[in-house]
Amino acid sequence: MTVPLWRNPKLYGILGFILVSAPPLFFFFMGVPGTSITEKESAGGNRTVVTETVWSGAYNPLLLIFVIGAAVAAIGCYRSKHMAWVGSLFVLAYSVLAMFSIGMLILPGAVVLLAGAAVKTVDIST
């Protein structure tokens, strides 16, 4: 007997993994341009204000926490309901904590992973 698409936890795992890991990987490799204003003093005592462009977030390993949590949840949607719950709740908690930076982009994927864990737990395939 085939399982309908909306009751397949693997679909939720793949879709949630893509939705969660795309923004952090983008910001990990590209970064977000910003400005840094510093004040420097020269040897003569003159102070100058230096404005430079900095790339915040480029190669920031903290962004990879979301990708690792999404991978655990997606593998859990394939194999174990406990891994699915732990990974999806981990990603949901961190997306709520990072709500004002990258969390708004990750929240829909975290909800999809949470739905995948719920479908994995309530296996109605019979």
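Just so it is clear, the structure is predicted and the values come from calculations on it, not from any experiment.

Novice: Explanation requested: the packing of aromatic side chains in the structure shown.
Specialist: For any pair of aromatic rings, geometry is given as the distance between the ring centres together with the angle between the planes. One pass over the full model with this rule turns up three aromatic pairs. Ring centres of Phe26 and Phe27 lie 5.4 Å apart, and the angle between their planes is 65°; this geometry places the pair in the edge-to-face category. The exposure class assigned to Phe27 is partly exposed, which follows from its relative accessible area of 22%. Note on Phe28 and Phe29: the rings are 4.9 Å apart at their centroids and 80° apart in plane angle, and the pair reads as edge-to-face. With relative accessibility at 13%, the residue Phe28 sits in the buried group. What makes Phe29 partly exposed here is its relative accessible area of 49%.

Novice: Explain the nonpolar core here, please?
Specialist: A general feature of soluble globular proteins is that nonpolar side chains tend to end up buried together. Membership of the largest hydrophobic core is limited to twelve residues, which are Val20, Phe28, Leu63, Phe66, Ala70, Ala73, Val91, Ala98, Ile102, Ile106, Ala110 and Leu113. Of all the elements in the fold, those that place two or more residues in this core are α1 (9-30), α2 (64-78) and α4 (99-121). With four residues, the single largest contributor to this core is α4. When neighbours within four sequence positions are excluded, Ala73 is seen to be in contact with Met83, Ala84, Gly87, Ser88 and Leu113.

Novice: Is there a simple way to explain α2 in this structure?
Specialist: An α-helical turn contains 3.6 residues, so a residue and the one three or four places further along point in the same direction. Across its 15 residues, α2 extends 21 Å between first and last C-alpha, which sits within 8% of the 21 Å expected from 1.5 Å per residue. When α2 is considered as a whole, its buried residues turn out to be Phe66, Val67, Gly69, Ala70, Ala73, Ala74, Gly76 and Cys77. Contacts made by the buried residues of α2 are with α1, α3 (81-97) and α4.

Rules behind the numbers
Throughout this description, residue numbers start from 1 for each chain and increase along the sequence as written. Selection of residues for local features in this predicted model requires a pLDDT of at least 70, selection of side-chain atom pairs for listing and counting requires 80 or more, and totals for whole chains, interfaces and linings are taken over all residues. The side-chain quantities take in all heavy atoms of the structure and omit both hydrogens and water. Pairing of aromatic side chains here covers Phe, Tyr and the six-membered ring of Trp, requires ring centres within 6.5 Å, and sorts the geometry by plane angle: under 30 degrees stacked, over 60 edge-to-face, intermediate tilted. Under the scheme applied here, a residue whose accessible area is under 20% of the maximum for its type counts as buried, over 50% as exposed, and between as partly exposed, the area being computed with a 1.4 Å probe on protein chains only. Nonpolar cores are built from buried Ala, Val, Leu, Ile, Met, Phe, Trp, Tyr and Cys residues. Side-chain atoms within 4.5 Å join them into one set. The helix and strand labels rest on DSSP assignments: H or I over at least four residues marks a helix, E over at least two residues marks a strand, and numbering proceeds from the N terminus. Contacts are assigned to residue pairs with any non-hydrogen atoms lying within 4.5 Å of each other. Under the convention used throughout, the expected extent of a helix is 1.5 Å for every residue step, that is, one less than its residue count.

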